[in-house]
Every structure is written in C-alpha cells, then in structure tokens.
Amino acid sequence: MAGWRVLVVDDDAVTLRFFEAALREMGAQVTSVEDGASARIAVVGGAFELLLIDRHLPDMSGEMLLQALRDSGCAAPAIATSAEVDDAIRASMLDAAFDEVIAKPVSLERLREVVVRFVNIPANLLSDDEALRTVGGNRESLIALRGLLADELDELDR
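Reading the values: the criteria
- Residues numbered from 1 in each chain as written.
- Predicted model: local features only at pLDDT ≥ 70, side-chain atom pairs only at ≥ 80, totals over all residues.
- Heavy atoms only, no water.
- Helix = DSSP H or I, 4+ residues; strand = E, 2+ residues; numbered from the N terminus.
- Buried < 20%, exposed > 50% of the residue type's maximum accessible area, 1.4 Å probe, protein only.
- Contact = heavy atoms within 4.5 Å.
- Areas by Shrake-Rupley, 256 points an atom, 1.4 Å probe, with all protein chains shown as cover.
- Polar contact = N/O pair within 3.5 Å; in protein donor to acceptor, adjacent residues only side chain to side chain.
- Salt bridge = Lys/Arg side-chain N within 4 Å of Asp/Glu carboxyl O.
- Arc of directions from axis to C-beta.

1. Some remarks on the overall build of the protein
Part 1 of the argument: Helix and strand counts for the protein stand at seven helices and five strands.
Part 2 of the argument: For the protein, the N- to C-terminal ordering of α and β elements is β-α-β-α-β-α-β-α-β-α-α-α.
Part 3 of the argument: Split into buried and exposed, the 158 residues of the protein put 39% on the buried side.
Part 4 of the argument: Contacts in the protein between residues far apart in sequence, at least 24 positions, make up 56% of those at least 6 positions apart.
Part 5 of the argument: Surface summary for the protein: the accessible area is close to 8,300 Å², and the carbon and sulfur share equals 53%.

Written out as structure tokens, the structure reads:
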C-alpha cells in the first residue's frame, strides 16, 4: 500500500488516467472519481493527504466541491486543475481556498513540482534522467518498463 492518499476528481477519463498513473508512480494510493457527489462519498470513507479537483465537474464547480469537503472536515491541501487558467481564474480559485492551480494538460515534471510542495515524497522520482540512470542509460528499457507499468495499471483497473 502506498504511503500517502490522494483524491482526484475529474470528469475527463483520459485526464483521470494520466493523474492516476503519474501519482501512483510518485507513491500515492489514488482514489479517482468523476463528479462531486462521488468525491463527497470518498472523503467520508477515508483521509487524504492531497486533493486534485477539476474546476468544472458535471454536478458542481470545483469551488463548490472544495467548500463542501471543507465543511465535512477534510483539511487536505487542494490543487485545482483546469484547461483554462488565466490570472483571473487563478485568483478566483485561490480565493476559493485552493492551495494551488495547475493548467491542463500538465507535464509530469510540473505535476511532480506541485505535489512535492504538499506531500513528502522524493522530488526526483519521475525524472527521466534519474530513471535512465536506474536502467543503465538504456532509453529503450525505460520505455519498455513504463509500458509494462501502464499495462499493469490497465490490468488492475479491470
């Protein structure tokens, strides 16, 4: 079992899978849901060290969901995600008590950079340079290993 728990809320299946895979590689136990109602149920079922919440959900806004989670006693740091991020949106999300705002699509490096500010994990876990050193500099081996990880995640999801 992973050392820290994260709740990811996003109604886009591709984005959800990306966050799941990236966060698991960082050592997270990931709970992913597609709407605010499911997120509220998930929070009742357990404690989380981090929340990643999309700005637009099918049943409520990310701001509304975060307020509901706070009202239920969830105090985990919250990162807002959105395909549209400008200065006004960033300010609005931060005013709504999000700790950080990241634009989608997000790179692995940017996601790791933000996550390590809130969760105690090694900062270089997803670094291509570090991963290449681990496999003796063989890029094909690294690609194959990451492919195996993705296949394993697919199998676990089934």
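Back to the write-up after that little detour.
2. Description of the environment of Glu113
Part 1 of the argument: Tracing the sequence through the fold places Glu113 in helix H5 (residues 108-115).
Part 2 of the argument: Among the residues examined, Glu113 registers a relative accessible area of 43% and is labelled partly exposed.
Part 3 of the argument: Of the polar contacts made by the side chain of Glu113, one reaches the side chain of Arg110; its length is 2.8 Å.

3. Considerations on the pattern of salt bridges
When charged atoms on two side chains of opposite charge get close, those side chains can pair.
Part 1 of the argument: In total, this model carries seven salt bridges according to the counting rule given.
Part 2 of the argument: Between Asp10 and Lys104 there is a salt bridge, with its nearest N and O atoms 2.6 Å apart. Placement of the pair is Asp10 in the loop between strand E1 (4-9) and helix H1 (13-25) and Lys104 in the loop between strand E5 (100-103) and H5, with a sequence separation of 94 residues.
Part 3 of the argument: Look at Asp10 and you get buried, because its relative accessible area is 0%.
Part 4 of the argument: Its salt-bridge partner being Glu84, residue Arg55 comes within 3.5 Å of it at the nearest N-O pair. One end of the pair, Arg55, is in the loop between strand E3 (50-54) and helix H3 (62-71); the other, Glu84, is in the loop between strand E4 (78-82) and helix H4 (87-95), with 29 residues separating them in the sequence.
Part 5 of the argument: Using a relative accessible area of 15% as the deciding quantity, one classes Arg55 as buried.
Part 6 of the argument: Connected through salt bridges with shared partners, the residues Asp10, Asp54 and Lys104 form a single ionic network.

4. Considerations on helix H2 (residues 36-44)
Part 1 of the argument: Turning to H2, its buried residues are Gly36, Ala39, Ala42 and Val43. Mapping the buried residues of H2 onto a view down its axis gives an arc of 115 degrees, with all of them on the same face. Of the exposed residues in H2, those oriented more than 90 degrees away from the buried face are Ile41 and Val44.
Part 2 of the argument: Buried residues along H2 sit against E1, strand E2 (28-33) and H3.
Part 3 of the argument: Structurally, the start of H2 carries an N-cap: the backbone nitrogen of Ala37 is 3.3 Å from a side-chain oxygen of Asp35.

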